[in-house]
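# Remarks on the overall topology
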Amino acid sequence: MEHYSDKELLELFHKGDNRNYAFNLLIQKYQKQVYWHIRRIIIDHDDTNDVTQNTFIKVFHNLEKFREDSQLFTWLYRIATNESLNFLKQKRTKFFLPLADVEHQLANSLQSDHYFKGDAIQKKLQMAILKLPEKQRIVFNMKYFEGIKYEDMSKILDTSVGALKASYHIAVKKIEKILTDN
Amino acid sequence: MKTKKNIFEDAEDNLNKIAPKLFSSGNDIPFDVPENYFDSLPAIIVEKCSNPAKTRLAGKFKAVLNSGFLIPAAVSIAVLIIAFMIYHASNVKTSNRQTMAYTESNSSAEVLYVDSLIDNGEMDESMLVETAAGIDDTSKNVKPNSSIEKNIAELNKSTVILNDSTNKVIITDDDIINYLLDNDDADDIINY
């Protein structure tokens, strides 16, 4: 597979003749990052598949308007994060579930997930992460599993670097306590 | 002295010290995907981007199926239909059990018989129910918006009204004929 830079992909897309081809290349470049980012929020593969597809469809329809003042990757992540949060919000309102119950549902989903291949310790860790508040959980996942810099995270989540650092610190402490207590 | 800034940076730089259990858990991805999932995903997405109408319909259909409301809605509708059918069936039975209408025909044998009952004190005048105003031809003018009026429309002129309260008096054709025989009103019997 040829590797194109973001600039080359955008130029190819904007040309118009090979739009679908360019977009196919863009998906190939970012699909795993986007998918796993969403999967850590939503847990279930089928739901993640839906949200991932919706994310890229939204990207396709808005790529013309993308102002290259931010990186393509942060823009993609921003859309993916918003789509994931909207999905969880819809789940709550659809079934009139209070906040805690959605996270409880996600924990149940994790317990019965056919596509979970981790060991008992990793399962414990995932269950502990699910106990965090939603935004804190996203910050933790982005920092701990994806190694995203605070500056990029700040653009994705529209939150100050200081607040993100504090959020991550608190999340780490909470998870450590849960793992120690259990 | 440690500042707040430094404390928060510890989480990033010294995870093994401040959260040893978490640190030892590792950060590998513990999830898996179906085989060849990422191979086919780009083509699926591009196809959906090229055919948005088809995608919207499929999405809405899927949303309805996954909504969780489909089965409860179907059950609710079924219950409503059954309840309506039961209500409708009981209404027809009730109207059939309703008593018959009294007409103002002065020459009918039935009027004579009912009058005799009233005269003898076997029936109170108040038990007679008035017909709806303006009903002359029972087969045409009646609007069956009450069970009694409905029966007026269905019956012949020579029928008798009864009160459908607890003081019910049921008058049959045999009662009328027997009355006429007892009173030697042969002409009326023939005409009846």
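Description of the structure in this document. Since the model is a prediction, treat every value here as computed from it, not as a measurement.

## Considerations on the overall build of chain A
Scanning chain A for helices and strands turns up nine helices and zero strands. Scanning chain A from its N terminus toward the C terminus, one meets helices and strands in the order α-α-α-α-α-α-α-α-α. Evaluated residue by residue, chain A yields a buried proportion of 34% over its 182 residues. Looking at chain A alone, contacts between residues at least 24 apart form 58% of all its contacts between residues at least 6 apart.

## Side note on the overall build of chain B
A count of helices and strands for chain B gives ten helices and zero strands. By residue count, 18% of the 192 residues in chain B fall in the buried class. Of the contacts formed within chain B by residues at least 6 apart in sequence, a portion of 59% connects residues at least 24 apart.

## Some points on the environment of L26(A)
Mapped onto the elements, L26(A) comes out in helix α2 (residues 19–42). It is 9.5 Å that separates the C-alpha atoms of L26(A) and F56(A), two residues lying 30 residues apart in sequence.

## Overview of the interface of chain B and chain A
The interface is formed by 27 residues belonging to chain B together with 35 residues belonging to chain A. Looking at the side of chain B that touches chain A, the elements that each hand over two or more residues are α1 (4–13), α2 (15–18), α3 (20–25) and α4 (37–50) of chain B. Residues of the side of chain B that touches chain A, tallied by class, amount to 18 nonpolar, five polar and four charged.

## Some words on the packing of helix α7 (residues 134–144) of chain A against helix α9 (residues 161–181) of chain A
Residue and element names in this part refer to chain A. In contact at an axis separation of 9 Å, α7 and α9 are set at 90° when each is read in the N-to-C sense. The orientation of α7 with respect to α9, classified from their angle, is roughly perpendicular. Residues Q136, V139, F140 and K143 of α7 touch α9, and the partners they reach there are L164, S167, Y168, I170 and A171. Grouping the amino acids of the contact of α7 with α9 by side-chain chemistry returns six nonpolar, two polar and one charged.

## Examining helix α6 (residues 120–130) of chain A
For an α-helix, the turn length of 3.6 residues means that residues three or four places apart are oriented alike. When α6(A) is considered as a whole, its buried residues turn out to be L125(A), Q126(A), A128(A) and I129(A). Along α6(A), the residues classed as buried sweep out an arc of 160° about the axis, all on the same side.

Rules of the game
- Here, residues in each chain are numbered from 1, in the same order as that chain's written sequence.
- Numbering of ligands from 1 and lettering of chains from A proceed in the order in which they are written.
- Note on the predicted model: pLDDT of at least 70 is required for a residue's local features to be given, and 80 or more for side-chain atom pairs to be given and counted; whole-chain, interface and lining totals, by contrast, use all residues.
- Each helix is a run of DSSP H or I of at least 4 residues and each strand a run of E of at least 2, with the numbering of both proceeding from the N terminus.
- Exposed residues have 12 or fewer other C-beta atoms within 10 Å of their own C-beta, buried residues have 20 or more, and residues in between are partly exposed; the C-beta atoms are placed from the backbone.
- C-beta atoms are placed from the backbone for every residue, and two residues are taken to be in contact when these atoms lie within 7 Å.
- Three categories are distinguished: nonpolar for Ala, Val, Leu, Ile, Met, Phe, Trp, Tyr, Cys and Pro, charged for Asp, Glu, Lys and Arg, and polar for the others, with Gly belonging to the last.
- What counts as an axis is a line fitted to C-alpha atoms, over the stretch in contact for a helix, and the angles between N-to-C directions run from 0 to 180 degrees.
- The scheme is simple: roughly parallel for angles under 35 degrees, roughly antiparallel for over 145, roughly perpendicular for 65 to 115, oblique for anything else.
- In this description, the arc belongs to the directions extending from the helix axis to the C-beta atoms.

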